[in-house]
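If you want the building blocks of each chain, they are given just below.
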Amino acid sequence: MAVFPWHSRGRNYKAEFASCRLEAVPLEFGDYHPLKPITVTESKTKKVSRKGSTSSTSSSSSSSVVDPLSSVLDGTDPLSMFAATADPAAPDSSRKRRDRDENSIVGSDFEPWASKRGEILARYTTTEKLSINLFMGSEKGKATATSAMSEKVRTRLEELDDFEEGSQKELLNLTQQDYVNRIEELNQSLKDAWASDQKVKALKIVIQCSKLLSDTSVIQFYPSKFVLITDILDTFGKLVYERIFSMCVDNRSVLPDHFSPENVNDTAKETCLNWFFKIASIRELIPRFYVEASILKCNKFLSKTGISECLPRLTCMIRGIGDPLVSVYARAYLCRVGMEVAPHLKESLNKNFFDFLLTFKQIHGDTVQNQLVVQGVELPSYLPLYSPAMDWIFQCISYHAPEALLTEMMERCKKLGNNALLLNSVMSAFRAEFIATRSMDFIGMIKECDESGFPKHLLFRSLGLNLALADPPDGDRLQILNEAWKVITKLKNPQDYVNCAEVWVEYTCKHFTKREVNTVLADVIKHMTPDRAFEDSYPQLQSIIKKVIAHFHDFSVLFSVEKFLPFLDMFQKESVRVEVCKCIMEVFIKHQQEPTKDPVILNALLHVCKTMHDSVNALTLEDEKRMLAYLINGFIKMSVNRLAMETRKVMKGNHSRKTAAFVRACVAYCFITIPSLVGIFTRLNLYLHSGQVALANQCLSQADAFFKATISLIPEVPKTINIDGKMRPSESFLLEFLCNFFSTLLIVPDHPEHGVLFLVRELLNVIQDYTWEDNSDDKIRIYTCVLHLLSAMSQETYLYHIDKVDSNDSLYGGDTKFLAENNKLCETVMAQILEHLKTLAKDEALKRQSSLGLSFFNSILAHGDLRNNRLNQLSVNLWHLAQRHGCADTRTMVKTLEYIKKRSKHPDMGHLTELALRLPLQTRT
């Protein structure tokens, strides 16, 4: 192909805009409109009557719009016709059954035990030595596995007695981790025994583990021991239930999930009874209670009332447990299995709770006190051991409970002398709305509590947690804060203080102004600064900051809180300080809507960004770098660049000496900050954005510097980039960026010392030298976009401008030398495009050649002056090239030809008529 000269066609942008506008058609009221809602009416001639429905008597003639669905069915929709066939008077048995089933299960709003066990294991630990009995097995037990059924029944008691007589080994002086490992071994032994059909051995393991729950020799570890042992009991209960359930399945039927005892065959029932008989043979109370409770669900196989009869009996069994700590955890386990298998049997659960209240005073009895003296445990350390069990019991009782029951429970607590431990569990378990509406009542109860063993500040913390979830009455809010803070501010221990302050800060932010928040922050600084106490409380202090910035999205208000910045000074550990800075910038980027020009705020946020930036080192992970870059970029966009644009807006584009210097300072800050960012496209986009801001503020030399930096950075773009953790080719992103860049270069005036179109030439050199992917056409697509840019630059008046910036159309005024230089660049670009099209004349690339040829044809049609014979001939050649090998998109070419014929009817486009005659459409054979 020969080299063709380029001639840009003149553009009248105003006329083009006018011709592209939609024609305005006057629309009188009542006429049809495409956005007008469709009115569906019924026909007079035929109507389907439906039970329980009211039909319209309006005529179809009253509407000018006919709905296709209603016309087919004479005014009735298909869903209504199907519904009409059902008898609404018939009882919906399936719905009733579903409602009944929903009432018999626990909803998602009930916090499961599984979410509590991890916290308990982490909180209740010990350094003292522990002991455990391991099951060793016996020959006698193995022999019974092969005996006849009658022999098994006869020797049941002997088998269990064998467990008592020496089939166990006591391990002493175990650390806590050793103890946990041994329990896990027992759990695995249970599963192995069950899998090998040694059911008696499995039962013995469960009995042995249950007996451990009567041991309180290391009392601080008891809650964690309870969690570990009941995990084994849960495993056992599940194995037994699934075993019996599987026996109900035969070749003909499968037992449904919601079955009745009548569906259970005799073999399964006999096996189930056998398990209960074995458990009834256990001599000691605690293992007998726990093991039976673990298989409580199996009562479903025997009778409909089995569970409802067993729960009261098991509740009464707990009365025989003398140690109040062991007793309360037994009640907690019964509530646990009760809520799993029969949550609708609330009466039994309530009875369990009220039994607990009657025996609650045992906690302060002589027996317990003597035990604490022997173990050297203080009452303040002992009472919190009850919290996990009591909190769980209260949660089960209060779940979906009516107000009357909750009020009764509250009154019973008052009658017990407002015991602090009891009151804390009430506030931890009851619905937050219930607590919040009675906040003043609870504060009165807290005041009357005896602080011995359970300090009041923990009660105020529990109250504050509820008030973070639900609002108290408006008239009580200030009094509530004053009553709580009077107690909290008197705390001497910094850890106790900050644990309470962390909770009540949220209440203060939620219901009060910056004045009260400032008072609270000042009090926190006062308590946490002496002896650098803040160093031991960074998590709580971080929580306070997060709650404050979560409620104060306007940073002009936030930074007007006098003690906010001094509060930040307490974060002196670098890793913590960076995390706090990230939280602040995340909120600023997400919520700060109004632009700010306050130098205090900007200086503080600049310091925050500097802190994040300086934290990056060679060991910083890539994800962390990306996060920090995102936050710093957000600040630059929202603050520095936005501040410069707001200044321009205030000055209406006419900068004074002072504002001009300020804007240049903002631009300079961006220029020196951007290179420190990691992401290549982040830097490119910020360079371009900052250059646009500089140009808008008449900072022409600074804008040139940004655009030069952008061009020099393009060769560094890697072949692949990380997008959401996946490596993807970068060329599509580079193409998108360059198209945006070209749009900006249109209005950038040439530098007087660097010659005509200096930036465009530099960019073309970079594009030429960039190593593009094999089998990629992106380079040619970019050259096509450059051709569009150069064509736009050759116009007498550009499509758009920046106020108070003279672009090249004003500088050159259609100068012939400028146009000649422009055309030379166009010819160079065209030569590159045509050369690339020649390289695609291969079988595997013919489709690409056809697509690119048609695309280049459209570019010439849109931007070239086709009155030039050589350019006209080039367009005809490209048209034929697109169809040469049968790879053309025929539909697109048909529409293109129709467009050319339509455009040829315009007064100044007559030359397109001849062109259309030279563009044949080839059909595929």
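As the structure is a prediction and not an experimental result, all values here were calculated from the model. Numbering of residues begins from 1 in every chain and follows the order in which that chain's sequence is written. Given that this is a predicted model, residues contribute local features only at a pLDDT of at least 70 and side-chain atom pairs are listed and counted only at 80 or more, while totals for whole chains, interfaces and linings are drawn from all residues. As a rule here, side-chain values come from all non-hydrogen atoms in the structure, and water together with hydrogens is ignored.

Enquirer: Help me get a handle on the overall build of the protein, residues and values and all.
Expert: If you tally the helices and strands in the protein, you get 45 helices and four strands. Two residues form a contact once any of their heavy atoms are found within 4.5 Å. A fraction of 74% describes how many contacts in the protein between residues 6 or more apart in sequence connect residues 24 or more apart. Helix numbering and strand numbering both begin at the N terminus, where a helix is a DSSP run of H or I of at least 4 residues and a strand a DSSP run of E of at least 2.

Enquirer: Any details on the pattern of salt bridges? Residues and values, ideally.
Expert: We count a salt bridge whenever a side-chain nitrogen from Lys or Arg sits within 4 Å of a carboxyl oxygen from Asp or Glu. Here the structure, examined in full by the defined rule, presents 25 salt bridges. A salt bridge links E535 to R532; the shortest N-O distance between them is 2.7 Å. Type-normalised accessible area, obtained with a 1.4 Å probe on protein chains alone, sets the label of each residue: buried when under 20%, exposed when over 50%, and partly exposed for intermediate values. Judged by relative accessible area, R532 falls into the partly exposed class, the value being 38%. Through salt bridges that share partners, K447, E483 and K486 make up one connected network.

Enquirer: Which residues make up the confidence of the model for the protein, and what are the values?
Expert: Fine structural detail should not be taken from predicted coordinates in areas where pLDDT scores are low. Confidence scores labelled pLDDT are given residue by residue by the predictor and lie between 0 and 100. Mean pLDDT over the protein stands at 81; residues scoring 70 or higher make up 83%. Low pLDDT, under 50, characterises residues 40-104; the predicted model gives this stretch 43 contacts beyond four residues in sequence or across chains. Note on residues 137-150: pLDDT is under 50 here. Beyond four places in sequence and across chains, it has ten contacts.

Enquirer: An account of the packing of helix α21 (residues 420-429) against helix α23 (residues 439-448) is needed here, citing residue identities and associated values.
Expert: Helix axes are fitted to C-alpha atoms over the stretch in contact, other axes to C-alpha atoms as well, and angles between N-to-C directions run from 0 to 180 degrees. Taken N-terminus to C-terminus, the directions of α21 and α23 make an angle of 155 degrees; their axes are 10 Å apart at the nearest point. Considering the angle they form, α21 stands roughly antiparallel to α23. For α21 against α23, the interelement crossing comes out left-handed. Between α21 and α23, the contacting residues are L423, V426 and M427 on the first element and F442, M445 and I446 on the second. Under the scheme applied, nonpolar residues are Ala, Val, Leu, Ile, Met, Phe, Trp, Tyr, Cys and Pro; charged residues are Asp, Glu, Lys and Arg; polar residues are all the others, including Gly. Residues that form the contact of α21 with α23 fall into these classes: six nonpolar, no polar and no charged. For classification purposes, angles smaller than 35 degrees are called roughly parallel, those larger than 145 roughly antiparallel, those between 65 and 115 roughly perpendicular, and all remaining angles oblique. By convention, the crossing between two helices is left-handed when the near helix turns anticlockwise from the far helix through less than a right angle, and right-handed when the turn is clockwise.

Enquirer: Run through helix α32 (residues 599-614), naming residues and quoting values.
Expert: Expected helix span is given by 1.5 Å per residue-to-residue step, counting one fewer step than there are residues. For α32, spanning 16 residues, the distance from its first C-alpha to its last is 22 Å, which sits close to the expected 22 Å at 1.5 Å a residue. Of all the residues in α32, the buried ones are I601, L602, A604, L605, V608, C609, T611 and M612.

Enquirer: Describe a nonpolar patch on the surface, with residues and values.
Expert: A patch consists of residues whose relative accessible area exceeds 30% and which take part in no salt bridge; residues with like charges are grouped when within 9 Å of each other, and nonpolar side chains (Val, Leu, Ile, Met, Phe, Trp, Tyr) when within 5 Å. Areas reported here follow the Shrake-Rupley algorithm with a probe of radius 1.4 Å; residue values treat only the protein chains shown as occluding. A contiguous nonpolar patch, built from F17, L799 and Y800 and spanning about 290 Å² of accessible area, is present on the exposed surface. With respect to the element layout, Y800 can be found in the loop between α39 (778-793) and α40 (808-812). The exposure class assigned to Y800 is partly exposed, which follows from its relative accessible area of 33%.

Enquirer: Tell me about the packing of aromatic side chains, and please be specific about residues and values.
Expert: Between rings of Phe, Tyr and Trp, where Trp is taken as its six-membered ring, a pair exists when centres lie within 6.5 Å; planes separated by under 30 degrees are stacked, by over 60 edge-to-face, and by other angles tilted. This model, assessed by the stated rule, comprises 35 aromatic pairs. The interplanar angle of 10 degrees and the centroid separation of 4.3 Å between the aromatic rings of Y812 and F818 together place this pair among those described as stacked. Here, over-ring charges are defined by two tests on the NZ atom of lysine or the CZ atom of arginine: distance to the ring centre within 6 Å, and angle to the ring normal within 35 degrees. Above the face of the W275 ring, K278 is positioned so that its terminal group lies 5.0 Å from the ring centre. The cationic tip of K297 hangs over the ring face of Y241; the distance from NZ or CZ to the ring centre is 4.3 Å.

Enquirer: Give a description of the side chain of N808 that names residues and reports values.
Expert: Within the secondary structure, N808 sits in helix α40. Residue N808 is classed as buried on the basis of its relative accessible area of 1%. Among the polar contacts listed, one links the side chain of N808 to the backbone nitrogen of D750, at a separation of 3.0 Å. Apart from residues lying up to four places away in sequence, N808 is in contact with V748, P749, D750, L757, Y798, G813 and F818. Within 3.5 Å is the distance limit for a polar contact, defined as a pair of N or O atoms, with the added protein rule that one can donate a hydrogen and the other accept it, and that residues adjacent in sequence qualify only through two side-chain atoms.

Enquirer: Give me the lowdown on unusual backbone geometry, citing residues and values where you can.
Expert: Look at R532: it is not a glycine, yet its phi comes out positive at around 50 degrees. Among the secondary structure elements, R532 is positioned in the loop between α27 (514-528) and α28 (538-551). Within the chain, K804 stands out as a residue other than glycine whose phi angle is a positive 70 degrees. In this fold, K804 is placed in the loop between α39 and α40. For K804, a relative accessible area of 43% translates into the label partly exposed.

Enquirer: Describe the nonpolar core, naming the residues involved and giving the relevant values.
Expert: What we call a nonpolar core is a set of buried Ala, Val, Leu, Ile, Met, Phe, Trp, Tyr and Cys residues that are connected through their side-chain atoms within 4.5 Å. If you look at the biggest cluster of nonpolar residues, it comprises 283 residues, and the most contacted ones within it are Y382, W504 and L541. Ranked by residues supplied to this core, first place goes to helix α11 (residues 222-247) with 13 residues. With sequence-adjacent residues up to four places away left out, W504 is seen in contact with F460, R461, L463, G464, L467, I480, L481, A484, W485 and I488.

Enquirer: Any chance you could break down the environment of I282 for me, citing the residues and the numbers?
Expert: For I282, the location among the structural elements is in the loop between α12 (266-280) and α13 (285-294). A relative accessible area of 7% places I282 in the buried class. Separated by 75 residues in the primary sequence, I282 and I207 have C-alpha atoms spaced 8.1 Å apart. Ignoring any residue separated from it by four or fewer positions in sequence, one finds I282 in contact with I207, P287, R288 and V291.

Enquirer: I'd love a proper account of helix α20 (residues 403-415), names of residues and values included.
Expert: With 13 residues, α20 extends 19 Å from end C-alpha to end C-alpha; this agrees with the ideal 18 Å at 1.5 Å per step. Those residues of α20 that fall on the buried side of the exposure criterion are L405, L406, M409, M410 and C413. Along α20, the residues classed as buried sweep out an arc of 140 degrees about the axis, all on the same side. With respect to the buried face of α20, the exposed residues turned more than 90 degrees away are A404 and K415. This arc is taken over the directions from the axis of the helix to the C-beta atoms.

Enquirer: Please set out the environment of H527 residue by residue, giving values where relevant.
Expert: Here H527 is to be found in helix α27. For H527, a relative accessible area of 16% translates into the label buried. With 36 residues separating them along the chain, H527 and L491 place their C-alpha atoms 8.9 Å apart. Residues in contact with H527, not counting those within four places in the same chain, are T489, L491 and Y497. Here D523 takes part through its backbone oxygen, which lies 2.9 Å from a polar atom of the side chain of H527.

Enquirer: So what about the side chain of S439? Which residues, and what values?
Expert: One can find S439 in helix α23. A relative accessible area of 1% means that S439 is categorised as buried. A distance of 2.6 Å separates a polar atom in the side chain of S439 from the backbone oxygen of A436. In contact with S439, not counting residues within four places along its chain, are L463, L467, P472 and I480.

Enquirer: Would you mind going over the environment of V206 in detail, with residue names and values included?
Expert: One can find V206 in helix α10 (residues 199-211). With 26 residues separating them along the chain, V206 and I232 place their C-alpha atoms 7.1 Å apart. Once residues within four sequence positions are removed from consideration, V206 is found in contact with L190, L233, F236 and V291.

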